[in-house]
Amino acid sequence: MADKNYYDILGVDKNASQEEIKASYRKLVKQYHPDLHPGDDSCAAKFKEINEANEVLSDSQKRQQYDFELEHPSFKGGFSSEGADFSDFGDIFSTIFGGFGGGGTQRQTKKGRDLTYEFELSFLDAALGCTKEFSYTRKDRCADCHGTGAKNGTALKQCSKCGGTGQLKFASGTGMFRTVTTRLCDECRGTGKIITENCPICKGRGTAMVNTKVKFDIPSGADNDSYIRRKGYGETPDYGGEPGDLLIYFKVKPHKIFKRKNFDLYVTVPISFKTACFGGKVLIPSLDKPFEYSIPEGIQGGKVICIKGKGIKNRNKYGDMFVTVQVETPVKLSHKQKEEISRLCDELENKQHPLMNSYKDNMGKDFGVDPYAVK
């Protein structure tokens, strides 16, 4: 098992936490998924390698044995003693490593491939949460033979090679210690049973392609690259085993008004020059319904107003809303309008332009110029 460095395959450190391993695995699965690279054999091989690495490193017992083999390559899979009682040693090995690759009688089971899909959500559905239904095709247990691969589910007999255990023991090595390993029986593929007559539907594989519908609840605050996992809704392996999982990653469509960062909402509200001067009430959108807000007199363009609790719900708390005020300059003015605005502006006093006055003073001190005296 340790002939490959699974940590390098997943791009994580040997002391990586389970969360780091999961995060790296999710990223690589999305990058190399065969559905995104049809016909690319190298991506398919990489995808298989990534799943193989994750299957070992995400299981604490398998990872324990793998780490030992990685640090002790000369042992080639474990200990054994020449002339010792191999069955007793197998039990000890099984106790240490939970039966993975040891001499115990625990039957190993295969797990099917995880299926990964991308699901598009509207901005509001992602922010508020919703219930969706997803349809897809997967390999599942054959309904005709109930996954046995045998006609009518009963055309089976006990495997004579493994005695119905589904496993075979092998001893190898020389010297004081010898390796004892347990492998799936190649005759019955680890099932302990031999099919005497194949199921006519699945041809003995025990699986068939089926259409599946799954409903899932999306909590409020779902965002790009967040996902849900439905255990047992992936593919079922041929000739027996547990089904993999279904992973649905979300792609959230942009909104025409809202933007978000984590659980905070961002909105830009254009107001007229008149409202900026005199103040006034405007309606600001929120996730449930618009609410009234009073713009203060003399507000400047670019001012950001924080409104607490008007963001996205995160468990029992809400994010905030940040409203940027954008003062819109009128366009396509008539000759009369230009004259009236020009006359009004000429009547304004310098103290009524605090930002311009501050800018003018700083330019005068540093550069000795009046920035507004350009002809």
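Structural data are supplied above this passage.
Definitions and cut-offs
Residues numbered from 1 in each chain as written. Predicted model: local features only at pLDDT ≥ 70, side-chain atom pairs only at ≥ 80, totals over all residues. Heavy atoms only, no water. Helix = DSSP H or I, 4+ residues; strand = E, 2+ residues; numbered from the N terminus. Contact = heavy atoms within 4.5 Å. Areas by Shrake-Rupley, 256 points an atom, 1.4 Å probe, with all protein chains shown as cover. Expected span 1.5 Å × (residues − 1). Buried < 20%, exposed > 50% of the residue type's maximum accessible area, 1.4 Å probe, protein only. Pairing = 2+ DSSP bridges. Axes fitted to C-alpha atoms, helices over the stretch in contact; angles between N-to-C directions. Parallel < 35°, antiparallel > 145°, perpendicular 65-115°, else oblique. Left-handed = near helix turned anticlockwise from the far one by under 90°. Salt bridge = Lys/Arg side-chain N within 4 Å of Asp/Glu carboxyl O. Phe/Tyr/Trp six-rings, centres within 6.5 Å; stacked < 30°, edge-to-face > 60°.

### Focus: the overall build of the protein
Turning to step 1, where the next piece is worked out: A count of helical and extended segments in the protein gives 9 helices and 17 strands.
Turning to step 2, where the next piece is worked out: Expressed as a percentage of contacts within the protein between residues at least 6 apart in sequence, the contacts between residues at least 24 apart total 64%.
Turning to step 3, where the next piece is worked out: Carbon and sulfur atoms provide 51% of the accessible area of the protein, an area that totals close to 23400 Å².

### Re helix α9 (residues 354-367)
Turning to step 1, where the next piece is worked out: Spanning 14 residues, α9 covers 20 Å between terminal C-alpha atoms, matching the ideal 20 Å at 1.5 Å per step.
Turning to step 2, where the next piece is worked out: Phi turns positive one or two residues past the end of α9, at G368, with a value near 65 degrees.

### Side note on the pairing of strand β11 (residues 264-271)
Turning to step 1, where the next piece is worked out: Along β11, the buried face is formed by L265, V267, V269 and I271; none of D264, Y266, T268 and P270, which line the opposite face, is buried.
Turning to step 2, where the next piece is worked out: As paired elements, strand β10 (residues 259-261) and β11 share 3 bridges and run antiparallel to each other. Counterpart to K261 in the pairing with β11 is D264.
Turning to step 3, where the next piece is worked out: Hairpin connection from β10 to β11: 2 residues lie between these consecutive antiparallel strands, with N262 at a positive phi of about 55 degrees.
Turning to step 4, where the next piece is worked out: Alignment of β11 against strand β17 (residues 321-327), held across 7 bridges, turns out to be parallel. Counterpart to V267 in the pairing with β17 is V323.

### Things to note about the packing of helix α2 (residues 18-32) against helix α3 (residues 41-57)
A pair of packed helices is captured by two measures, namely the crossing angle of their axes and the spacing between those axes.
Turning to step 1, where the next piece is worked out: Taken N-terminus to C-terminus, the directions of α2 and α3 make an angle of 165 degrees; their axes are 10 Å apart at the nearest point. In terms of axis orientation, α2 runs roughly antiparallel to α3. With respect to the hand of their crossing, α2 and α3 are arranged in left-handed fashion. Residues Q18, I21, Y25, L28, V29 and Y32 of α2 form the contact with α3, whose own contacting residues are C43, K46, F47, I50, N51, N54 and L57.

### Observations concerning the pattern of salt bridges
Turning to step 1, where the next piece is worked out: Evaluated as defined, the whole model comprises 19 salt bridges.
Turning to step 2, where the next piece is worked out: Between D114 and R229 there is a salt bridge whose closest N-O contact spans 3.9 Å. You can see D114 sitting in the loop between α5 (86-97) and β1 (115-121) and its partner R229 sitting in strand β8 (residues 227-230), a full 115 residues away along the chain.
Turning to step 3, where the next piece is worked out: The partner of K139 in a salt bridge is D238, and the shortest N-O contact between them spans 3.6 Å. With a gap of 99 residues between them, K139 in strand β2 (residues 130-141) and D238 in the loop between β8 and β9 (246-252) connect regions that are remote in the sequence.
Turning to step 4, where the next piece is worked out: Using a relative accessible area of 23% as the deciding quantity, one classes K139 as partly exposed.

### Thoughts on the packing of aromatic side chains
Turning to step 1, where the next piece is worked out: All told, the structure shown has 12 aromatic pairs when counted by the stated rule.
Turning to step 2, where the next piece is worked out: Look at F119 and F134: their rings are 5.9 Å apart centre to centre, the planes differ by 80 degrees, and that puts the pair in the edge-to-face class. With a gap of 15 residues between them, F119 in strand β1 and F134 in strand β2 connect regions that are remote in the sequence.
Turning to step 3, where the next piece is worked out: Both rings, one in F134 and one in Y136, keep their centres 5.5 Å apart while their planes meet at 20 degrees; by these two values the pair is stacked. Each member of the pair, F134 together with Y136, is buried.

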